[in-house]
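Structure at a glance
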Amino acid sequence: MQRALLVIDLQNDFYENGALAVENASQINPIVNDLLLDKQYSLIVASQDWHPAQHKSFASNHAKKTFTLFDNQKGIGPILWPDHCCQQTFGAEFNSKIRTEKFDYIIRKGTDPEIDSYSAFRDNDGTDLGLEGLLRGLEINFVDIVGLAFDYCVKFTALDGAKSGFNINLIEAATKAVAPENNEETKNELREAGVNLI
């Protein structure tokens, strides 16, 4: 049985002092680091938001307020975000407390200025990012997921993984949400899709 660990978007801009801060994000670091040292994983893949400054998911590029509802049906939306994880910036770097030397692969997403990318499997318009092929090529069937944020990139990665036929475990203690008040709704959506919450 081959098992992989997916580490989603543990980047400075999603930590407490970042541009798109997730409350108490740093609390998950010790758990993630323990998992990164776990010998059960034959593959560890990290995803990294890697946006150009002119990315259309940024409210600033529409002269609108951050967190404005927006959906153009072409891969941007449903929310316009603060500028975050811009290529070559400190905010886009992985948090320094994470043992990144354990990463086998890094998948950069959100690189097309016209398309956002919540899932590590595919862009919001369905463009394949190569993760599914990598996992299948290495005969991996079981995938554990950790990272930020629970209600966006972690959730959509888990949903896409389950849709692709992988056995997906989402480790709750190793993720935090942008809007934790909606966690029960998010959990129900994940369970209905066949994701195991552990």
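In this text, all values refer to a predicted model and were calculated from it rather than measured experimentally.

1. A look at the sheet that holds strand β2 (residues 43-49)
- Across the sheet, 6 strands lie side by side as β3-β2-β1-β4-β5-β6; this open sheet has parallel pairing. Two strands in the sheet have a free side with no partner beyond their single neighbour: β3 (105-109) and β6 (196-197).
- Here strand β1 (residues 3-8) runs beside β2; their pairing, made up of 5 bridges, is parallel. Considered in β2, the bridge of Val-7 is made with Ala-46.
- Contacts from helix α1 (residues 29-36) reach β1, β2, β4 (142-148) and β5 (167-176) within the one sheet, and its direction differs from that of β5 by about 140°.

2. Re unusual backbone geometry
- In this model, Leu-148 is joined to Ala-149 through a cis peptide bond whose omega is -10°.
- Notably, Asp-9 is not glycine yet its phi reads approximately 50°, a positive angle.
- Structurally, Asp-9 can be placed in the loop between β1 and α1.
- Take Asp-9: its relative accessible area is 0%, and that puts it in the buried class.

Analysis parameters
Residues numbered from 1 in each chain as written. Predicted model: local features only at pLDDT ≥ 70, side-chain atom pairs only at ≥ 80, totals over all residues. Heavy atoms only, no water. Pairing = 2+ DSSP bridges. Helix = DSSP H or I, 4+ residues; strand = E, 2+ residues; numbered from the N terminus. Contact = heavy atoms within 4.5 Å. Axes fitted to C-alpha atoms, helices over the stretch in contact; angles between N-to-C directions. Buried < 20%, exposed > 50% of the residue type's maximum accessible area, 1.4 Å probe, protein only.

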